[in-house]
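The residues making up each chain are set out below.
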Amino acid sequence: MARAGLAGAVRAARWAENALRPAPGTARLSAADRTAQATAPAGTTGALSDAAAERAAADLDVTVHQLRADWDAARLAGLVEVHGTAARPGWRLRAWDRDDAAVLRGWVALFDAWSLVHPAPAELPPATVAETVEAVPQLLSFLQLSAGPVPVPQLLDLLDQRVRELRTERCEIPYGPQEDPGRATDPGPADPADAHDVPLADLLAWALRALAAVDALTCADGQATLTPLGSWAVWVKLEQICVAAQSPAGNIEQSAEDMLRGCARLRPNAARAEYRAWLAARDAGSAVTELLDAARGEDALLRGLAFEALRVVGAPAEPDVRAVADVASLRPYALLWLAEHEGTDPEDVHLVLTREESTWLWVDTAAAVADHGEAELLVRHLESAPQPTVPALLDEVRTVGHPRTVQVLVALAAAHPDPALAKAVRRAAFQVHTGGV
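Rules of the game
- In this numbering scheme, every chain counts its residues from 1 along its sequence in written order.
- Per-residue local features are limited, in this predicted model, to residues with pLDDT of at least 70; the limit for side-chain atom pairs, both in listing and counting, is 80 or more; totals at the level of whole chains, interfaces and linings are taken over all residues.
- The basis for every side-chain value is the complete set of non-hydrogen atoms in the structure, without hydrogens or water.
- Secondary structure elements follow DSSP: runs of H or I no shorter than four residues count as helices, runs of E no shorter than two count as strands, and numbering proceeds from the N terminus.
- Note on classification: 1.4 Å probe, protein chains only; a residue is buried when its accessible area is under 20% of the maximum for its type, exposed when over 50%, partly exposed between these limits.
- Paired strands, in this sense, are two strands between which DSSP finds at least two bridges.
- For our purposes a nonpolar core is just a set of buried Ala, Val, Leu, Ile, Met, Phe, Trp, Tyr and Cys residues, chained together by side-chain atoms within 4.5 Å.
- Any two residues having at least one pair of non-hydrogen atoms within 4.5 Å are treated as being in contact.
- Any carboxyl oxygen of Asp or Glu that lies within 4 Å of a side-chain nitrogen of Lys or Arg is treated as forming a salt bridge with it.
- Each residue gets a pLDDT score, which is the predictor's confidence in that residue and runs from 0 to 100.

1. Observations concerning the overall build of the protein
Thought 1: Along the backbone of the protein there are 23 helices and 6 strands.
Thought 2: In the protein, which comprises 437 residues, the proportion classed as buried is 40%.

2. Considerations on the sheet that holds strand 5 (residues 217–220)
Thought 1: Taking strand neighbours across the sheet as the criterion, the 3 strands line up as 4-6-5 in an open arrangement whose pairing is antiparallel. Taken across any chain shown, the strands that pair with only one partner, and hence form the sheet edges, are strand 4 (150–151) and strand 5.
Thought 2: In this sheet, strand 6 (residues 223–226) lies alongside strand 4 in antiparallel orientation, the contact comprising 2 bridges. Its bridge partner lying in strand 6, Val150 is registered against Ala224.

3. Structural notes on the nonpolar core
Thought 1: Ranked by internal contacts, the top residues of the largest apolar core, which has 59 residues, are Leu260, Tyr275, Leu291, Phe307, Leu310, Val321 and Trp362.
Thought 2: Every residue in contact with Leu291, bar those within four places of it in the chain, is listed here: Ala256, Met259, Leu260, Trp278, Leu279, Ala306, Ala309, Leu310 and Val313.
Thought 3: Within the second largest apolar cluster, 56 residues are counted, among which are Val150, Leu204, Leu211 and Leu226.

4. Description of the environment of Asp215
Thought 1: Here Asp215 is to be found in the loop between helix 11 (200–213) and strand 5.
Thought 2: On the basis of relative accessibility, which here comes to 26%, the residue Asp215 falls in the partly exposed class.
Thought 3: In this structure the C-alpha to C-alpha distance between Asp215 and Met1, which are 214 residues apart in sequence, comes to 8.6 Å.

5. What to know about the environment of Pro391
Thought 1: Relative to the assigned elements, Pro391 resides in helix 21 (residues 390–400).
Thought 2: The exposure class assigned to Pro391 is exposed, which follows from its relative accessible area of 54%.
Thought 3: When the C-alpha atoms of Pro391 and Leu421 are compared, they prove to be 9.1 Å apart, with 30 residues separating the residues in sequence.

6. Notes on the pattern of salt bridges
Thought 1: Evaluation of the coordinates by the stated rule reveals 20 salt bridges.
Thought 2: Note that Arg68 is salt-bridged to Asp50, the shortest N-O span being 2.8 Å. You can see Arg68 sitting in helix 5 (residues 64–76) and its partner Asp50 sitting in helix 4 (residues 50–60), a full 18 residues away along the chain.
Thought 3: Here Asp50 falls in the exposed class, since its relative accessible area comes to 54%.
Thought 4: For Arg303, the salt bridge is made with Asp364, and the minimal N-O distance between the two is 2.9 Å. Pair noted here: Arg303 is in helix 16 (residues 300–313) and Asp364 is in helix 19 (residues 355–372), with a separation of 61 residues, a long-range link. Across this residue pair, the class does not change: Arg303 and Asp364 are buried.
Thought 5: Salt bridges sharing common partners tie together Glu257, Arg261 and Asp299.

7. A closer look at the confidence of the model for the protein
Thought 1: Predicted confidence across the protein gives a mean pLDDT of 80, with 82% of residues reaching 70 or more.
Thought 2: Long-range and interchain partners of residues 22–39, a stretch whose pLDDT sits below 50, account for 17 contacts in this model, where long-range means more than four residues apart.
Thought 3: Below a pLDDT of 50 lies the segment residues 180–195, which in the model reaches 9 contacts outside its immediate sequence neighbourhood of four places, other chains included.

Have a look at this one:
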């Protein structure tokens, strides 16, 4: 059902991918020029230019109006991504034919944007539209619990009740000038129509039409019914709320950095449960951005934990993880994440790293252990080195360029029980510090 509902959006996205692909003979162009040729011209809002829209409509044999609607759906579902004034195929389009989960997530993204897919009529005051959008989740929950058709008048009563609750929570006072009973005053020019005077029936009718436009429900004979897809989506949202409410370590309201610090002492399964709870309370895009920002910091432990949390995020994190693969401090983590995501055998995942990248990762992990672990753990960390011997490890560590190399070697020398090995490690630390060989 999700595939059928997004069929037009997929056609529009595939048109952009194929029709705007660089022509033969452009291999000699720069990467930037090839990228420019492979993207659809778009405005700052991501809408197709008039020329591109007319060309796409002609190629796909649809009206320009329909083409623009399909393009908007493609953008909202993540099938195309807007970068500045250009749009290009998104990760969900690449995964469309092989990943049912990507299809469902694309539809859920469209479902979440229902008020943008079918905007409210211009004559409805923005304040009352916002109240309706805020109240709709309760209406959808009621429809889901009812497990069948619900009369529209019953939904209208529920909407009225929820809007009144929202206004009470905000301690609203009536709009417009209030007369002072002690003296008459000139009320001044007439105010715009009172937002409270707008019939809620009009707002409910708009909301139902918009939700029907994304296949979340059907409305006929004065009754509204969730589609199977809509019922599933509401159930998933309720489940996410429950998961978020059961945050075992209480880090759900923390920043990514503080949440990761709070998970540092948890066992792997408990930490993953905490990641899931934290992620359930956030938009996936902003959560991924926050996790990667934490990974860019100086704390190597947070870097490793951030990518563990990104493993819980899964496919939605792919574009952002791929984008940081060229950042030196994140590259080994990103390459391992991408290899795992693409299904590489766990025993072979490490093969995606060069020897230098593996050594850099070893030093970074050692830095995390030195900062947060025990001396014994740091000594045991030697066993995971990509080099077969300690002298070989020290030779390569000297040249890998990790900013914490000296501190790691000094800590290792202090922790290791073998005096001869500790001496060699201290010598290596001194050489790195002084720039010697």
